[in-house]
Amino acid sequence: MSDVLKVPTMAEFMATGKQPEVLFWVGCAGSFDDRARKITKAFVRLLNKAKVDFAVLGTEESCTGDPAKRSGNEFLFQMQAVTNIEVLNAYEVKKIVTACPHCFNTLKNEYPSLGGDYAVMHHTQFLKSLLEEGRLSIEGGKFKGKRITFHDPCYLGRANDVYEAPRDLIQKLDAELVEMKNCRKKGLCCGAGGAQMFKDAEKGDKEINIERTEQAMEVTPEIIATGCPFCNTMMTDGVKNKAEGKIEVMDVAELIANANDL
Amino acid sequence: MEFLPNLIFAILLFTGIGFFARNISKLKRNIDLGKDVDTSDQTKIRWKNMARIALGQSKMVRRPIAGILHIVVYVGFVVINIEVLEIIIDGLFGTHRIFSGIGSLYGVLIGTFEILAALVFVAVIIFWFRRNVVKIQRFMKSEMKGWPKLDGNLILYFEIVLMGLFIIMNATDVEFQSTNSGNIISQFFAPMFEGYNVHLIERVAWWMHIVGILVFLNYLYYSKHLHILLAFPNTYYGSVKPKGYFNNLEAVTNEVKLMMDPNIDPFATTEEDASVPDKFGASDVQDLNWVQLLNAYTCTECGRCTSECPANQTGKKLSPRKIMMDTRDRLVEVGNNIDTNKGVFVPDGKQLLGDYITNEELWACTSCNACVEACPISIDPLSIILEMRRYLVMEQSAAPMELNTMMSNIENNGAPWPYNQMDRLNWKND
Ligand code: SF4
Ligand code: SF4
């Protein structure tokens, strides 16, 4: 795989006096987490292939503040938000795409009243629009007939009512999309939200990600697809515990990039 | 003496309604203890929500068995109440079945009531079995012991008795039976009373029916059954934003903007200080907003939220239903405190946080919104949980240690992990 990724920054665009079509908000997980970085790169490969004029903030990006806000630290959240909004507005950003539903939710719902008004898309929505506009196509039947189940990230599904975009993409792979008993509005959380990702769970009789992995195993998928780096981590851990080697956990962007041999 | 029954009736009616009005004004006073929140936006969507969710019961049928049974009881309740109007007029003016003057339509009307009464009767019996024999899991959780359990059953007994009285009242009304119109159900019970003083039985059933309804009306205030009234305003005032949205505290915004503005001398004391609230977040009911308090009074204790909660499903102490019940219990306690202290709240050394809801419960939440989605009447337990976390973190710095680490990472490097912001683009060269 030739890995020459084109990842221009906003600063570079600025220097040439041009505006990119869209800003790719990478997010902390997408920047630093080993597993999530693979998702970031898969998504960039797709953007490159579709010749999307995008840019990232690079070192000018900072945490949206979501985990701070959900922990109750409104002050830290707003400090982060206002700092980010200053950067985004200075670059006159209009449209943002992100592969993290938490960033997606915060940028889309909580930034506007602080002065940051952008059209925000989740990467599955963006990829779907690329397919519809004919800028990207899915080649190769690598996933043809594979049993894939989609785990709804809470901050994409219930929080923002995006249920179909990721499913439409999976179906385009000619895969067999199987639904867990708790899906869409009734999807069970992976256990990471509300800053749980960063702490041990309270005392109980089970880990939430194990419960969710068991629900997934009931429909015997070959792949659990997700659209969130945190869900990915939680489900990967669950699978390691329960179905090591039998099920793969992949982001929807990775599925499409793989199908295209990218 | 001819007017004695009318007089007694009038006294009963006005006492019943009077007490009810007093309770409602107390209820309103308690809800008004909450902070103000702007709900003047999107009125069209709000009306639509009320029509769809409260009037149309759209979210009830997600659980088909309970949903359909509930619709039967709900429709029965609303429709049969037309009969109450007749009872009131008859009682006040000494008439008998005043509406029968409308002719054959009256038979259709009463016939409908009788069928509904029978359906309600059956539905309520099934409800009782679900609670007490089948023991559906969500009714068996720890917060459902004692009064909440009794309350759930009492209302079922109430319904059984009221519906029974309605049928008996019709069955023993000789005149009504003789018209043989509208007595679809009661005709089968009429023979049972042959040989007895049917007139007396009819009168007793009639009086007990109306007294029962007045008692029921006044029982509401103490019961989860307040939802039959409050579900309507509650679905109207419920959030019209995406579920993922959590409000930005304005006081914090002012402070942050001040800090970030290079033109302002940070050491100068400004008027702005006055806008800083005396408390961030919520430790007691008065710190919540009035919609959250309305939520608490509206909660039906059905447990749909708790049964969908990932934390509760995996054995954690958190139960979103308990959050709502605790909020209501504390609010009632505060209200009683105000009543006994001539209109002012005298600190009682208690609060919602700690005395009702523990830190452990609050920190178990994943903010997944499953509870909000599951609630059939637009209650938002999550907003209360997050508001209380705000108090824990911003007022008490009482976050779990790992979260403090995460937050100081964000503060120092702009990421929840200890990585340098300057390394944010390194993935590009992996
Ligand atoms: S948001 Fe919190 S309380 Fe509500 S269902 Fe999810 S984990 Fe439970
Ligand atoms: S909050 Fe809603 S779902 Fe939960 S118990 Fe109350 S009424 Fe039922």
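This text follows the structure it describes.
Residues numbered from 1 in each chain as written. Chains lettered and ligands numbered in written order. Predicted model: local features only at pLDDT ≥ 70, side-chain atom pairs only at ≥ 80, totals over all residues. Heavy atoms only, no water.

Undergrad: Which residues make up the overall build of chain A, and what values go with them?
TA: For chain A, the helix and strand inventory stands at 11 helices and 8 strands. On C-alpha atoms alone, chain A measures out to a radius of gyration of 18 Å, which is about the 18 Å that the 2.2 N^0.38 rule sets for 262 residues. Across the 262 residues in chain A, those meeting the buried criterion constitute 65%. Considering only contacts within chain A whose residues lie at least 6 apart along the sequence, 79% involve residues at least 24 apart. On chain A, roughly 9,400 Å² of surface is accessible, and the fraction owed to carbon and sulfur atoms is 48%. (Helix = DSSP H or I, 4+ residues; strand = E, 2+ residues; numbered from the N terminus. Rg over C-alpha atoms; globule rule 2.2 N^0.38 Å. Buried < 20%, exposed > 50% of the residue type's maximum accessible area, 1.4 Å probe, protein only. Contact = heavy atoms within 4.5 Å. Areas by Shrake-Rupley, 256 points an atom, 1.4 Å probe, with all protein chains shown as cover.)

Undergrad: Describe the pairing of strand β1 (residues 22-25) of chain A, with residues and values.
TA: All names here are of chain A. Alternating positions in β1 separate into two faces, Val-22 and Phe-24 on one and Leu-23 and Trp-25 on the other, with burial throughout. For β1 and strand β2 (residues 54-55), the ladder comprises 2 bridges, and the chain directions are parallel. If you follow Leu-23 over to β2, its bridge partner there is Ala-55. Sheet topology note: the β1/strand β3 (residues 95-98) ladder contains 3 bridges and is parallel. Bridging from a neighbouring strand, Leu-23 pairs with Ile-96 of β3. (Pairing = 2+ DSSP bridges.)

Undergrad: Describe the interface of chain A and chain B, with residues and values.
TA: At the interface, 71 residues of chain A touch 61 residues of chain B. At the boundary of chain A with chain B, total buried surface from both sides reaches about 5,800 Å², with 62% on carbon and sulfur atoms. By the criterion of area lost to chain B, the three top residues of chain A are Phe-32, Arg-158 and Phe-198 of chain A, representing 12% of everything that side buries. Inspection of the region where chain A meets chain B yields 4 salt bridges. One salt bridge in this structure joins Arg-390 of chain B and Glu-74 of chain A, with 2.8 Å as the shortest N-O distance. One can count 36 residue pairs in polar contact (both at pLDDT 80 or more) joining chain A with chain B. Of all elements in the fold, only α2 (27-32), α3 (34-49), α4 (66-71), α5 (74-90), α6 (101-110) and α9 (208-217) of chain A reach the threshold of two or more residues within the side of chain A that touches chain B. (Buried area = accessible area lost by both parts, 1.4 Å probe. Salt bridge = Lys/Arg side-chain N within 4 Å of Asp/Glu carboxyl O. Polar contact = N/O pair within 3.5 Å; in protein donor to acceptor, adjacent residues only side chain to side chain.)

Undergrad: Any chance you could break down the pattern of salt bridges for me, citing the residues and the numbers?
TA: If charged atoms from side chains of opposite charge come close, those side chains can pair. All names here are of chain A. Under the definition given, this model contains 43 salt bridges over all chains. For Lys-128, the salt bridge identified is with Glu-132, shortest N-O distance 3.6 Å. With Lys-128 and Glu-132 both in helix α7 (residues 123-132), this residue pair falls 4 residues apart, about one helical turn. When the shortest N-O distance is used, the salt bridge between Arg-167 and Glu-179 registers 2.5 Å. Of this pair, Arg-167 sits in helix α8 (residues 164-172) while Glu-179 sits in the loop between β6 (176-178) and α9, and the two are 12 residues apart along the sequence.

Undergrad: Pulling in residues and values, what's your account of the sheet that holds β6 of chain A?
TA: Residues and elements named next belong to chain A. Here 4 strands make up an open sheet; going across it, the order is β6-β5-β7-β8 and the pairing parallel. Among the strands making up the open sheet, the edge pair consists of β6 and β8 (248-251). Neighbour-to-neighbour, the strand axes of the sheet open up by a mean angle of 35°, direction not taken into account. Examined bridge by bridge, strand β7 (residues 223-226) and β8 share 4 bridges and lie parallel to one another. Looking across to β8, one finds that Ile-223 is bridged to Glu-248. Running over the sheet, α8 touches β5 (147-150), β6 and β7 and is turned about 170° from β5. (Axes fitted to C-alpha atoms, helices over the stretch in contact; angles between N-to-C directions.)

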